[in-house]
Amino acid sequence: MANYIGFGATAADKPLSQLTFTRRDVGGDDVKIDILFCGVCHSDLHFVRNEWHNAVYPAVPGHEIVGRVAAVGANVRDFNVGDHVGVGCIVDSCRTCPSCREGLEQYCEVGMTGTYGGTDKVIGGQTFGGYSNSIVVDRGYVLKIPAGMNLASTAPLLCAGITMYSPLRHWKAGPGKKVGIIGLGGLGHMGVKLSHAMGAGTALFTTSASKVEDGHRLGADLVILSKSTDQMAQHARSFDLIIDTVAAEHDLSPYFNLLKRDAVMVQVGAPERPLPINVFPLILQRRHFAGSCIGGIAETQEMLDFCAAKNIAADVEVIPIQKINEAYARMLKSDVKYRFSIDMASLQA
Ligand code: NAP
Ligand code: ZN
């Protein structure tokens, strides 16, 4: 085991600060990655503040990791020292259950190992995330970053990008479909870009009048202010798919009414408390309400290659790690354009 430095919290009510922790040594199948950039996901905040009641402390978050390979184990053939690589939310899974066999490691029936807050399969103890100098990950859970991609703005694709790409593909967003994305934050802005790139008619629902122009710039054909009942009513029964990225409590019923018969609303935003659901708009038009969790390793690679081909990446504000507590406060005010990406060179021993 070796020592690493990072930023994390020692309790739910404590700000993040610099700390030291251990990771396993580089095993035969492992890749050691020096972290260059790490995106800041709202899940990081939910986790360190124990809003999902599953935190372990000290909690070092970060699962939108881009870095450079620093060392590889004896069995590793497909990565070389110096390669640019990525790590998302998953660093291991059982590899044998039906979901893992289908490449859907995020739905592993034994439970995937999260990049942070999981249990290290080799040495036990908890996993620590990407707000740190380096990480050791099994080769099967490492992604290749296509040449030429901007690393700071590619990092958020590892969670925000794949979390939107997967349901857009699963529910067949594309030409002739009308897709809605709720919330213009980290996930939402990737959803707008990806849906537009897949050829779907794309609408953004936002609570922020100040984001209307950006919504169009990012690829939305329509921007709907969700607080305006008039604007919402104009789109009744017209959507094939709506994906909800909102991280806080809110009323879903107005969106159900915008779906066509048999159409689907997919929840990816994960608020702390359960959301009340009015079942009548679902019953009366046989509408579906579904969830979706990030994406598997193969699909994450497909998403990265798609983004490289279409010249898509996140809109980022690059910050030093020392600004992370300020960044969390701004994220809670929906004041991020549209993802913080931590420049890990700012982390000094
Ligand atoms: P974020 O950057 O904070 O964006 C959330 C957006 O939701 C805000 O920008 C805001 O957009 C809107 N919003 C915030 N509060 C609202 C409220 N009270 N009512 C209505 N809209 C509100 O967060 P994120 O990183 O995109 O993450 C979003 C959620 O997805 C989090 O709960 C996160 O944990 C979850 N997540 C889930 C998965 C998964 O696999 N399912 C993966 C990653 C993250 P407007 O200003 O445009 O309204
Ligand atoms: Zn995330």
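Along each chain, residue indices are assigned from 1 in the same order as the chain's sequence is written. Just so you know, chain letters begin at A and ligand numbers begin at 1, following the order they were written in. pLDDT decides what is reported in this predicted model: residues at 70 or higher carry local features, side-chain atom pairs at 80 or more are listed and counted, and totals for whole chains, interfaces and linings draw on all residues regardless. Values reported for side chains reflect all heavy atoms of the structure, with hydrogen atoms and water molecules removed beforehand.

This part is about the coordination of the zinc ion (ligand 2). A 2.8 Å cut-off from the metal defines N, O and S donors, relaxed to 3.2 Å for Na, K and Ca; water is not in the atom list, so some sites may appear incomplete. Only Cys41 (SG), His63 (NE2) and Cys159 (SG) from the protein coordinate the zinc ion (ligand 2), and they sit 2.0 to 2.2 Å from it. The sequence pattern describing where the donors of the zinc ion (ligand 2) fall on their chain is C-x21-H-x95-C. Here the residue histidine 63 occupies a position in the loop between helix H1 (42–48) and strand S4 (65–72), and cysteine 159 occupies one in the loop between helix H3 (151–154) and helix H4 (160–170), the gap between them amounting to 96 residues. Runs of H or I in DSSP of at least four residues are treated as helices and runs of E of at least two as strands, each being numbered from the N terminus.

Relative to each other, H4 and helix H10 (residues 297–310) sit at 100°, their axes nearing to 10 Å. Compared by their axis directions, H4 and H10 come out roughly perpendicular. Side by side, H4 and H10 meet where Gly161, Ile162, Tyr165, Ser166 and Arg169 of the first sit next to Glu299, Thr300, Glu302, Met303 and Phe306 of the second. Three categories are distinguished: nonpolar for Ala, Val, Leu, Ile, Met, Phe, Trp, Tyr, Cys and Pro, charged for Asp, Glu, Lys and Arg, and polar for the others, with Gly belonging to the last. For the contact of H4 with H10, a count of residues per class yields four nonpolar, three polar and three charged. For helices, the axis comes from a line fit to the C-alpha atoms of the stretch in contact; other axes are also lines fit to C-alpha atoms, and the angle between any two N-to-C directions lies between 0 and 180 degrees. An angle counts as roughly parallel when it lies under 35 degrees, as roughly antiparallel when it exceeds 145, as roughly perpendicular when it falls between 65 and 115, and as oblique in every other case. Residue contacts are counted whenever heavy atoms from the two residues lie within 4.5 Å of one another.

Our focus in this paragraph is the pattern of salt bridges. Here the idea is simple: oppositely charged side chains can pair when their charged atoms come close. Salt bridges are identified by distance alone: a Lys or Arg side-chain nitrogen within 4 Å of an Asp or Glu carboxyl oxygen. In the structure shown here, the tally under the stated rule is 18 salt bridges. The salt bridge partner of lysine 121 is aspartate 92, with a shortest N-O separation of 3.8 Å. With lysine 121 in the loop between strand S7 (113–114) and strand S8 (134–138) and aspartate 92 in strand S6 (residues 90–92), this pair connects stretches of sequence that are 29 residues apart. Judged by relative accessible area, aspartate 92 falls into the buried class, the value being 8%. A single salt-bridge network, built from bridges that share partners, covers Asp92, Arg95, Lys121 and Asp138. Only protein chains enter the accessibility calculation, which uses a 1.4 Å probe. A residue is then buried if its area is under 20% of the maximum for its type, exposed if over 50%, and partly exposed in between.

Okay, the sheet that holds strand S11 (residues 201–206) next. Paired through their backbone hydrogen bonds, the strands of a sheet run either parallel or antiparallel. Two strands make a pair as long as DSSP finds a minimum of two bridges between them. Overall, parallel pairing links the six strands, which are arranged S12-S11-S10-S13-S14-S15 in an open sheet. This sheet does not close on itself; its edge strands, each paired only once, are strand S12 (222–225) and strand S15 (288–291). Within the sheet, the average angular offset between the axes of one strand and its neighbour, ignoring direction, is 20°. On top of the sheet, H4 reaches strand S10 (178–182), strand S13 (239–244) and strand S14 (259–267); it is set at about 160° to S13, its chief contact.

With that settled, the discussion passes to the site of ligand 1. One heavy atom within 4 Å of a molecule or strand makes the whole residue count as near it. Around ligand 1 sit 29 residues, and of these Thr206, Thr207, Ser208, Lys211 and Arg339 come closest. Histidine 42 places a polar side-chain atom, nitrogen or oxygen, 2.7 Å from an oxygen atom of ligand 1. At 2.5 Å, a side-chain N or O of threonine 206 approaches an oxygen atom of ligand 1. Here, Shrake-Rupley sampling with a 1.4 Å probe gives the accessible areas, and only protein chains in the shown set may cover a residue. When ligand 1 sits alone it has 930 Å² of accessible area, and the protein chains cover 87% of it. Polar contact is defined as a pair of N or O atoms within 3.5 Å, subject to the rule that within protein one atom must be able to donate a hydrogen and the other to accept it, and that residues adjacent in sequence are counted only when both atoms are side-chain atoms.

Our next topic: the environment of tryptophan 52. Tracing the chain through its elements places tryptophan 52 in the loop between H1 and S4. When neighbours within four sequence positions are excluded, tryptophan 52 is seen to be in contact with Ser43, His46, Ala270 and Pro271. Reaching out from tryptophan 52, the side chain makes a polar contact with the backbone oxygen of alanine 270 at a distance of 3.0 Å.

The terminal C-alpha atoms of helix H5 (residues 186–197) lie 17 Å apart, and with twelve residues this matches the ideal 16 Å at 1.5 Å per residue to within 8%. Among all positions in H5, only Gly186, Leu187, Gly188, His189, Met190, Gly191, Val192, Lys193, Leu194, Ser195 and Ala197 are buried. Looking at the buried side of H5, the elements it contacts are H4, S10, S11, helix H6 (212–218), H10 and strand S17 (339–343). In the segment just after H5, glycine 199 is the residue with positive phi, at about 95°. A helix is expected to span 1.5 Å for every residue after the first.

Turning to the nonpolar core, a few remarks are in order. Formed by 93 residues in total, the largest nonpolar core has its most connected members in Tyr131, Met164, Leu168, Leu194, Ile324 and Tyr328. Per-element accounting of this core gives the leading share, six residues, to strand S3 (residues 30–39). Among all residues touching leucine 168, those that are not within four sequence positions of it are Ala173, Val179, Gly191, Leu194, Ser195, Met198, Leu241 and Ile243. Grouped together as the second largest cluster of nonpolar side chains are 15 residues, Ile224, Tyr255, Phe256 and Leu259 included. As used here, the term nonpolar core means buried Ala, Val, Leu, Ile, Met, Phe, Trp, Tyr and Cys residues forming a set that is joined through side-chain atoms within 4.5 Å.

Geometry only, nothing functional implied.
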